[in-house]
4 protein chains.
Amino acid sequence: MSINRFGHLLTMTTWGESHGPAIGAVVDGCPPGLQLNEKWIEQWIAKRRPGTSAQVSARREPDRVQILSGVFEGRTTGTPISLMIENVDARPADYEGLPPRLGHADQAYENKYGIRDPRGGGRASARETAARVAAGAVARLVIPEVTIEAGLVEMGGEADSSRWSAMIEAAKSAGDSLGGIVECVASGVPAGWGAPVYAKLDAELAAACMGINAVKGVEIGEGFAAGRRKGSENVEGMRVSGIDGGISTGNPIVLRVAFKPTSSFGIKGRHDPCVATRGAPVVEAMVALVLADHKLLHRGQCGGQ
Amino acid sequence: MSINRFGHLLTMTTWGESHGPAIGAVVDGCPPGLQLNEKWIEQWIAKRRPGTSAQVSARREPDRVQILSGVFEGRTTGTPISLMIENVDARPADYEGLPPRLGHADQAYENKYGIRDPRGGGRASARETAARVAAGAVARLVIPEVTIEAGLVEMGGEADSSRWSAMIEAAKSAGDSLGGIVECVASGVPAGWGAPVYAKLDAELAAACMGINAVKGVEIGEGFAAGRRKGSENVEGMRVSGIDGGISTGNPIVLRVAFKPTSSFGIKGRHDPCVATRGAPVVEAMVALVLADHKLLHRGQCGGQ
Amino acid sequence: MSINRFGHLLTMTTWGESHGPAIGAVVDGCPPGLQLNEKWIEQWIAKRRPGTSAQVSARREPDRVQILSGVFEGRTTGTPISLMIENVDARPADYEGLPPRLGHADQAYENKYGIRDPRGGGRASARETAARVAAGAVARLVIPEVTIEAGLVEMGGEADSSRWSAMIEAAKSAGDSLGGIVECVASGVPAGWGAPVYAKLDAELAAACMGINAVKGVEIGEGFAAGRRKGSENVEGMRVSGIDGGISTGNPIVLRVAFKPTSSFGIKGRHDPCVATRGAPVVEAMVALVLADHKLLHRGQCGGQ
Amino acid sequence: MSINRFGHLLTMTTWGESHGPAIGAVVDGCPPGLQLNEKWIEQWIAKRRPGTSAQVSARREPDRVQILSGVFEGRTTGTPISLMIENVDARPADYEGLPPRLGHADQAYENKYGIRDPRGGGRASARETAARVAAGAVARLVIPEVTIEAGLVEMGGEADSSRWSAMIEAAKSAGDSLGGIVECVASGVPAGWGAPVYAKLDAELAAACMGINAVKGVEIGEGFAAGRRKGSENVEGMRVSGIDGGISTGNPIVLRVAFKPTSSFGIKGRHDPCVATRGAPVVEAMVALVLADHKLLHRGQCGGQ
């Protein structure tokens, strides 16, 4: 098993530590002939880039993407696409001599590997998600028929977005952090993508999102609310999941992802008061990767488009 | 990608339709020398067998398991373990001429494959989960140090279990159904199992559980509640997830799974008023498969036990 | 990794020991709507069945195939196809108390697993190949445009087939065995199947054939002869491989497989003087599985047919 | 399926075109705590580097390796190891306007993808093998108990190595090329590595070597010679394969690989008269990757070392 690979037929393999020289992704299995350039990828990464607002980490990264392979004269060739993003504003010194930080997986890595990269969480840092977003931008090209939009619907239990910036400011000054819930809707997915039993579209979306740092819960469509009602109850206005038996129905796919508050309040390092803010573009990227992968799988097994 | 395979190093491949001659599972990668016999497997399947109480489907299945390979003189040999369960009480006639049933994935299969087995949901039937439970019983042998227990904690929004049987009776007589929430706790998992990034223990558990019929949501530890609080809030008494950065911490792993009410109220066929009742043993089986797989993966990469 | 699984998008997982109750295969990822019945599969198995001539083992097996899932009203449904063949003429007693037999992998299994099934080689027996041929018969349905034909071209160093039966008789009476070389030609493969670098069509064919019992060598097209000539040498009449850079060219694909003589001369049990005789249908089956898998992969990534 | 990934538990994913900015490999699943630095890798790459002798291509590449992740203070951390080698001496202009070159997979890529990178064979160039050798150098650290040595045993049909340089000179001046046969011996492999049926050690070695550019045949131990003899024939002095039933026996593993003469005689570009010369280090690398992978797999399933 490739621990750092995601996907079946369209795969991404990511690498890189938060404070190493660079991070990157290799996207394999991408269909040939798609128009791809750095600008396309960078516009998506920009959405999650730290240092762009008062709400997020003070780390400054230009996040310039280099396409090192798989593209010739602006089009994908069908060979692996190697993407690299240099870590310009890495500050390993900030972390020197730091003991394992609670809630940062430092101890977990030490338990598993008996060794760890202490520099800003290494592989477990949110920095790694930049590579996912870059790969997700490639995946979007594979599914032009699909629109994917994710956004915060709750912050610290508050659903009224007009109150969020005040909450963020308060959290920053108090050295506190806030949890959040992101909702993602994928429209334009034709009926028939996905697979029964162990590659169900909803199961793969759940894995993709639960694998994002700080995520503690994933629900599809009605989600946990469905676990609390009767079958006969009036379901009017209830969100459908867009997935039945693990296969897309043609309706929009709706999922919700819960991000815990970052554990790093009151300690050294540069962090986001609400990681969910930057989680939305990562959710979009992971959803794009799952859907693009299943489009190819469906075409492969069923000859469908 | 093998659509009906689950796992990396310890894998199960299941097959069979609800009303075909049999269902089964092939468990591959199981370590050699483990004591295994039919009785061990059947005791776990008995937990989910229909027809055992007023709460579940009227279908009567003895669920006798045949071990067709991989075991010699009561011990696993390291070769694939083929398990078969015959469908004794199949009644395909009950479903003849039935149109695709809403919420039963019938239409989904037709959309994807252009063909479907109309007999009781075919592959999408809860019947398939018997094969998962059988494979899960084998997985339990790989992780004797771990105890896995799942049970209903809510039914139709009611957390007081003393009221459940009355609710079930009412639902049966009204031809109604009830959603439920299952909680699963895995104790004894040593620190270090799981893998960062794309094979995170929590991500794999989420996929394993979201892939169970009727499941609409999965949460780890604090789950969605974490998405609604501040980092500074007193976390005393709050359940930890037992997983940090995708790797087990040594604490009990806690997850909750939401089952929607079955959609089959008021139509032909034999069904459970609350599928969550039978969902618990399936959740246990899937958790056992994920943990056993990661024990072997950890031993493989890190030489750990 | 599933040790007993073969293929990427179209996969087979086989199970069963030579003298257990049955052997079988689960074929997953097969496209829906293909006409499939037991007779179709049995005609291919018949080609490799022992007891059909003086040349092969005295074991008598009717090799009746049961299709346990994945087919409805004579057509594949897209769900896993479970195939089972009962071991009717198993004679475990013949092998009781036998020490590990040289060249039968008995010692190898003991080394690896610390335990083995002593009955007729268990999993390592040629009996297992019946399951591969059954799965290969399904794969043939996926590639109707392709014709695959394999046959002996050398036996014990003799290329003149008119002398073979005499050699076999002599070997039988002397308790001796003979090596052989099988050539397989796949015609009708369109240009473009296969994949560069690590899923090259020739690499996958090599693995598929080298994994057959008693095989010690595989060559594509000119094979080892190419390693002994100059680039400028007249290549007229030289067989092309039908594969360039790991991708099919549209020309017939030609490969040759070397089977060693069975090691079982002069010991207890029932065996073939020349296993290569029965190797040809197995080579055909493995080639069919590789080509069908790559047809689906090509369609998936490139949308090609 | 990841087309450009190799391995099960220890995997490498390679990327890069011959005349793009760089090539590279991501090695995933490498155990933690192994000493690794650029010098170790470069010494192995140096063995296959062009421009080092009269026998090989005139292309001059320093082949400096950059380790971009997975190593901290000189030791592997268990996270993915990203290796990059810049293409310094790329000369895309040399290939501008070139039609697809016979025997260079140019046409094959065009057939498959409908587009190709015309610069020096792109992904199909021998240049890609530098990434494999780099990954192989990492794999060697995983199996310190094993010694792997490969070398030419025949060139253009000539087994007497004292005549080879003269043959090379003659071929260069005549614009001709020569085939060759490489033999590889792996000593120190303990009994028990490998897996029966579809992950047989010999099958995986065959795939690994057949996937190397220009390779047309692979044989294990006695190879094709075994296909031409009787079982009773005196096997004294005959090379054993070191593999029985797909599992290592503890004896040295011996395999032979046939490289065809490069097809590029008399055309534009810089090429090797005998690619087999540079093939030996690539064979060693692929063998190291297979053995390291199976060491981890064996430890995973059987707890063995």
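Keep in mind it's a predicted model, so treat the numbers as computed, not measured.

## Notes on the UniProt feature "binding site: NADP(+)" (unreviewed entry) in chain A
Residue and element names in this part refer to chain A. The sites that UniProt annotates as "binding site: NADP(+)" (unreviewed entry) are Arg48. Position of arginine 48 relative to the elements: it lies in the loop between helix H1 (38-46) and strand S4 (65-67). Owing to a relative accessible area of 1%, arginine 48 belongs among the buried residues under this scheme. Residues contacting arginine 48, with those up to four places away along its chain left out, are Asp63, Ala126, Arg127, Thr129, Ala130, Val133, Arg278 and Pro281.

## What to know about the interface of chain D and chain C
Taken together, the 77 residues of chain D in the interface contact 77 residues of chain C. When chain D packs against chain C, close to 6100 Å² is buried across both sides, 62% of that on carbon and sulfur atoms. Sorting the residues of chain D by area buried against chain C places D:Lys112, D:Tyr198 and D:Lys216 first, and these three jointly supply 14% of that buried surface. Across the contact surface, chain D and chain C share two salt bridges. The shortest N-O distance in the salt bridge between D:Arg228 and C:Glu154 comes to 3.0 Å.

## Observations concerning the relation of the copies chain A and chain C
For the pair chain A and chain C, the best superposition has an RMSD of 0.0 Å and corresponds to a rotation of 180° with a translation of 0.0 Å parallel to the axis. One copy is carried onto the other by what is essentially a two-fold rotation axis. Every residue of chain A has its C-alpha some distance from the rotation axis, and the shortest such distance is that of A:Gly300, at 1.9 Å. A shared binding surface is used by both copies, with 100% of the interface residues of chain A retained as interface residues in chain C.

## Here we look at helix H1 (residues 38-46) of chain D
Within the sequence span of H1(D), burial applies to D:Ile41, D:Glu42, D:Trp44 and D:Ile45. One face of H1(D) carries all of its buried residues, which in axial projection span an arc of 160°.

## Brief notes about the interface of chain A and chain C
Contacts between chain A and chain C engage 13 residues on the former and 13 residues on the latter. When chain A packs against chain C, the two sides together hide about 1000 Å² of surface, and 56% of this comes from carbon and sulfur. Among the residues of chain A in contact with chain C, A:Arg299, A:Gly300 and A:Gln301 are the three that bury the most area, contributing 49% of the side total. At the boundary of chain A and chain C, one finds zero salt bridges. Across the chain A-chain C interface, the total number found is nine residue pairs in polar contact (both at pLDDT 80 or more).

## What to know about the pattern of salt bridges
Here the structure, examined in full by the defined rule, presents 47 salt bridges over all chains. For the salt bridge of B:Glu284 with B:Lys47, the shortest nitrogen-to-oxygen distance reads 4.0 Å. Placement of the pair is B:Glu284 in helix H6 (residues 275-302) and B:Lys47 in helix H1 (residues 38-48), with a sequence separation of 237 residues. You can call B:Glu284 buried: its relative accessible area is 4%. A residue is classified by how much of its surface remains accessible, and B:Lys47, at 49% relative accessible area, is partly exposed. Look at the salt bridges and you will find they share partners, linking A:Glu154, A:Glu183, A:Glu219, A:Arg256 and B:Arg228 into a network.

## A look at the sheet that holds strand S3 (residues 22-28) of chain C
The strand order across the open sheet built from five strands is S1-S2-S3-S7-S4 (chain C), with neighbouring strands paired in antiparallel fashion. The outermost strands of the open sheet, each flanked by one partner alone, are strand S1 (5-6) and strand S4 (65-67) of chain C.

## Focus: the packing of helix H5 (residues 201-210) of chain A against helix H5 (residues 201-210) of chain B
In the contact formed by H5(A) and H5(B), the axes pass within 8 Å of each other and the chain directions differ by 160°. By the angle between their directions, the pair H5(A) and H5(B) is classed as roughly antiparallel. In this structure, H5(A) meets H5(B) at a crossing whose hand is right-handed. Along the contact surface, H5(A) presents A:Asp202, A:Ala203, A:Ala206, A:Ala207 and A:Met210, while H5(B) presents B:Asp202, B:Ala203, B:Ala206, B:Ala207 and B:Met210.

## Observations concerning the pairing of strand S2 (residues 11-16) of chain D
Residue and element names in this part refer to chain D. Counting buried residues along S2, six of its six residues qualify, which places the element largely inside the surrounding structure. Alternating positions in S2 separate into two faces, Thr11, Thr13 and Trp15 on one and Met12, Thr14 and Gly16 on the other, with burial throughout. Both strand S1 (residues 5-6) and S2 contribute to a ladder of two bridges, which runs antiparallel. Of the residues in S2, the one forming a bridge with arginine 5 is threonine 13. Hairpin connection, S1 to S2: the antiparallel pair is bridged by four residues, and glycine 7 has positive phi, about 110°. In this sheet, strand S3 (residues 22-28) lies alongside S2 in antiparallel orientation, the contact comprising six bridges. By the bridge assignment for S3, threonine 11 is matched with aspartate 28. Here S2 folds back onto S3 in antiparallel fashion, the turn holding five residues.

## Some points on helix H6 (residues 275-302) of chain D
All names here are of chain D. With 28 residues, H6 should cover 40 Å at 1.5 Å per step; its first-to-last C-alpha distance of 40 Å lies within 8% of that length. A maximum bend of about 25° is found in H6 at proline 281. Note on H6: the residue one or two positions beyond its end, glycine 303, has a positive phi of about 70°.

## Thoughts on the packing of aromatic side chains
Tallied over the full model, the rule gives ten aromatic pairs over all chains. On the numbers, 5.9 Å between centres and 55° between planes, the contact of C:Tyr109 with C:Tyr113 is tilted. Taken together, the residues C:Tyr109 and C:Tyr113, both in helix H2 (residues 106-113) and four residues apart, mark about one turn of the helix. When its relative accessible area of 7% is taken as the criterion, C:Tyr109 is described as buried. Plain terms: the ring middles of C:Phe224 and D:Phe224 are 5.7 Å apart, the flat faces sit at 65° to each other, and that makes the pair edge-to-face. Taken together, the residues span two chains, with C:Phe224 in the loop between strand S10 (215-220) and strand S11 (243-244) and D:Phe224 in the loop between strand S10 (215-220) and strand S11 (243-244). Look at C:Phe224 and you get buried, because its relative accessible area is 5%. When the ring centre of B:Trp44 is taken as reference, the NZ or CZ atom of B:Arg140 above it lies at 3.6 Å.

## Thoughts on the side chain of C:Glu204
Summarising the element assignment, C:Glu204 is placed in helix H5 (residues 201-210). Here C:Glu204 is buried and forms no salt bridge, its nearest opposite-charge partner D:Arg5 lying at an N-O distance of 10.0 Å. Setting aside chain neighbours within four positions, we find C:Glu204 in contact with C:His8, C:Tyr198, C:Ala199, C:Val290 and C:His294.

## Thoughts on unusual backbone geometry
With the exception of glycine, the majority of residues adopt a negative phi angle, and the majority of peptide bonds are in the trans configuration. Residue and element names in this part refer to chain B. The phi angle at glutamate 73 is positive, at roughly 50°, despite the residue not being glycine. Relative to the helices and strands, glutamate 73 is located in the loop between strand S5 (71-72) and strand S6 (75-76). Here glutamate 73 falls in the exposed class, since its relative accessible area comes to 71%.

## Some details on the sheet that holds S4(A)
All names here are of chain A. The five strands lie next to each other as S1-S2-S3-S7-S4, forming an open sheet whose pairing is antiparallel. Sheet topology places strand S1 (5-6) and S4 at the edges, where each strand pairs with a single neighbour. Strands in contact with helix H3 (residues 129-142) are strand S2 (11-16), strand S3 (22-28) and strand S7 (81-86); relative to S3, the strand with the most contacts, it is inclined by about 30°.

## Topic: the UniProt feature "binding site: FMN" (unreviewed entry) in chain A
This chain's UniProt record puts "binding site: FMN" (unreviewed entry) on A:Arg123, A:Ala124, A:Ser125, A:Asn213, A:Ala214, A:Gly245, A:Lys260, A:Pro261, A:Thr262, A:Ser263, A:Ser264 and A:Arg270. Its place among the elements puts A:Gly245 in the loop between strand S11 (243-244) and strand S12 (247-248). Ignoring sequence-local partners within four residues, the contact set of A:Gly245 consists of A:Pro196, A:Lys200 and B:Ala105. Position of A:Thr262 among the secondary structure elements: in the loop between strand S13 (253-259) and helix H6 (275-302). Apart from residues no more than four positions distant in its own chain, A:Thr262 is found in contact with A:Ser177, A:Asp272, A:Pro273 and A:Val275.

Cut-offs applied
Each chain carries its own residue numbering, running from 1 in the direction its sequence is written. Labels follow written order: the first chain is A, the first ligand is 1, and so on. Local features in this predicted model are restricted to residues whose pLDDT is 70 or higher, and side-chain atom pairs enter the listing and the counts only when it is 80 or higher, whereas totals over whole chains, interfaces and linings include all residues. The side-chain values count all of the structure's non-hydrogen atoms but skip hydrogen atoms and water molecules. UniProt positions are given in the numbering used here, feature names are shortened, and annotations may be inferred rather than shown by experiment. The way it works is that DSSP assigns letters per residue, a run of H or I at least four long becomes a helix, a run of E at least two long becomes a strand, and they are numbered from the N terminus. A simple rule labels every residue: compare its accessible area, found with a 1.4 Å probe on the protein chains alone, to the largest value its type can have, and call it buried under 20%, exposed over 50%, or partly exposed in between. Any two residues whose heavy atoms approach within 4.5 Å at even a single point are treated as in contact. Each of two parts loses accessible area, computed with a 1.4 Å probe, when they are put together; buried area is these two losses added. Salt bridge, as used here: a side-chain nitrogen of Lys or Arg that lies within 4 Å of a carboxyl oxygen of Asp or Glu. In superposing the copies, a least-squares fit is computed on C-alpha atoms, taking residues whose pLDDT is at least 70 in both. As used here, the arc is the angular range of directions from the helix axis to the C-beta atoms. Residues adjacent in sequence count toward polar contacts only when both atoms are side-chain atoms; beyond that, a polar contact is any pair of N or O atoms within 3.5 Å, and within protein one must be able to donate a hydrogen and the other to accept it. The rule for pairing is simple: two strands pair if DSSP sees at least two bridges between them. All axes here are fitted lines through C-alpha atoms, helices being fitted over the stretch that makes contact, and every angle between N-to-C directions spans 0 to 180 degrees. Should an angle fall under 35 degrees it is called roughly parallel, over 145 degrees roughly antiparallel, and 65 to 115 degrees roughly perpendicular, with every other angle called oblique. Left-handed describes a crossing in which the near helix is turned anticlockwise from the far one by less than a right angle; the clockwise case is right-handed. In this analysis, the expected span of each helix is defined as 1.5 Å times one less than the number of residues it contains. To get the bend at a residue, fit one axis to the 7 residues ending there and another to the 7 starting there, then take the angle between the axes. Each Phe, Tyr or Trp ring (for Trp, its six-membered ring) is paired with any other whose centre lies within 6.5 Å, and the angle between the two planes then decides the class: stacked below 30 degrees, edge-to-face above 60, tilted in between. Working rule: Lys NZ or Arg CZ, within 6 Å of ring centre, within 35 degrees of ring normal, means a charge sits over the ring. Counted charges follow a simple rule, with Lys and Arg positive, Asp and Glu negative, and His plus the chain ends left uncounted.

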